[in-house]
Amino acid sequence: MTFPPLLQPGDTVAVVALSGPCDPNRLASGVRVLESMGLRCRVTDSCRAREGFLAGPDALRLRDLHESFSSPEIRGVICARGGYGAQRLLPYIDYALIKNNPKVFAGYSDVTALHIVFNQLCKLVTFHAPMPASDFGGGDIHPETLRSFRETLFAGKTREILPTAYPYTVFVPGRAAGILTGGNLSLVASSLGTPYEIDTRRRILFLEETNEEPYKIDRMLLQLKYAGKLAAAAGIVLGDFSPQTVETLAQSVNDILLPLNVPTVVNLPCGHTSPTLTLTLGTEIVIG
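Residues numbered from 1 in each chain as written. Predicted model: local features only at pLDDT ≥ 70, side-chain atom pairs only at ≥ 80, totals over all residues. Heavy atoms only, no water.

Engineer: Any chance you could break down the sheet that holds strand S11 (residues 279-281) for me, citing the residues and the numbers?
Structural biologist: Across the sheet, which stays open at both edges, the six strands sit in the order S2-S1-S3-S4-S5-S11 with mixed pairing between neighbours. The sheet terminates laterally at strand S2 (40-43) and S11, the two strands that pair on one side only. Neighbouring strand axes in the sheet, compared pairwise and without regard to direction, differ in orientation by 25° on average. Pairing between strand S3 (residues 74-79) and strand S4 (residues 104-107): three bridges, direction parallel. Looking at the pairing, Val 77 lines up with Phe 105 of S4. Packing against the sheet, helix H1 (residues 24-36) makes contact with strand S1 (12-16), S2 and S3, and its axis sits at approximately 150° to S2. (Pairing = 2+ DSSP bridges. Helix = DSSP H or I, 4+ residues; strand = E, 2+ residues; numbered from the N terminus. Axes fitted to C-alpha atoms, helices over the stretch in contact; angles between N-to-C directions. Contact = heavy atoms within 4.5 Å.)

Written out as structure tokens, the structure is:
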């Protein structure tokens, strides 16, 4: 795995919209937060585009991704928001370009599709991190969200974020070590059966979700179980599932995860929540 050069104040980052369209006011507010950290922001055309439920045509979003990684002036690529659309780009991405130009790549939610392929096909460490047009665009940002973002993405701070450093609940006891992978449950499940399928073997699988009914979460967890992805993992970490809670999901968690006897922790404050942690995907962590 290649750990990209971390950011420093004064660096230029590209803000890209690779999924859904951005609210211009939230985007502007989020960009100001990045600038307050000392970053120079190059807001790409996709952030201002809209084509139905997408931030502009696939070709535009793909161009912004490729140009951001190829430009020597850009030190990091920050996804503006999630939504839907990143999966549409997967067959057309120049993975050699990404691999040969390692940079900080940050985002979450729909961006999970890109984290998986960048980790697996490009061997690039990426960052499950809050985004300017969503988490940073609302004006009321939890200080722990900002602290975790800074300490993870900036040079001179913590290079690896271990879930053991944060409060969580042990669900299945045991100690496990492995490369951290995963992200949004819907995106992880929808990767199955495709050339971009997640590999969980001997890895720590992180999952989070938002605004899904308990039966849908149950169905997606079953899909991962039937595909062998849960049993293959060295450990499992469940983040935030708002508005659902572990108690709400107790039937699924007890019936699907408990019999696997895979070390599992729950309630990690990460995902579509506040505060939310920034996680380093593609590096080895330890749970338990």
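Engineer: So what about the nonpolar core? Which residues, and what values?
Structural biologist: In this structure, Leu 27, Leu 34, Ala 80, Phe 127 and Leu 153 are the most contacted members of the largest nonpolar core, which totals 29 residues. Of all the elements in the fold, those that place two or more residues in this core are S1, H1, S4 and helix H5 (143-153). Looking at this core, the element that brings in the most residues is H1, giving four residues. Residues in contact with Leu 153, not counting those within four places in the same chain, are Leu 6, Leu 7, Ile 78, Val 104, Ala 106, Phe 127 and Thr 278. Ranked by size, the runner-up nonpolar core spans 28 residues in total, among them Ala 14, Leu 114, Val 117 and Phe 118. (Core = buried A, V, L, I, M, F, W, Y, C linked by side-chain atoms within 4.5 Å. Buried < 20%, exposed > 50% of the residue type's maximum accessible area, 1.4 Å probe, protein only.)

Engineer: Outline the sheet that holds strand S7 (residues 176-184), supporting the account with residue identities and numerical values.
Structural biologist: Within the open sheet, the six strands sit side by side as S6-S10-S9-S8-S7-S12. Their pairing is mixed. The open sheet has two free edges, formed respectively by strand S6 (169-172) and strand S12 (284-287), since each of these has just one partner strand. Adjacent strand axes in the sheet meet at a mean angle of 35°, parallel and antiparallel pairs treated alike. The pairing of strand S9 (residues 235-238) with strand S10 (residues 264-266) spans two bridges and is parallel. Bridged to Val 237 within S10 is Val 265.

Engineer: Break down unusual backbone geometry for me, with residues and values.
Structural biologist: Residues apart from glycine generally show negative phi values, whereas peptide bonds are mostly found in trans. Here Ser 242 and Pro 243 are connected by a cis peptide whose omega angle stands at 0°. Structurally, Pro 243 can be placed in the loop between S9 and helix H9 (250-257). Looking along the chain, the bond that leaves Ser 274 and enters Pro 275 is cis, with omega of 0°. Position of Pro 275 relative to the elements: it lies in the loop between S10 and S11. With a phi close to 65°, Ser 109 is a non-glycine residue in the positive phi region. Note that Ser 109 resides in the loop between S4 and helix H4 (112-121). For Lys 123, which is not glycine, the phi torsion reads 55° and is therefore positive. Take Lys 123: it is sitting in the loop between H4 and strand S5 (126-128). Look at Lys 123 and you get partly exposed, because its relative accessible area is 39%.

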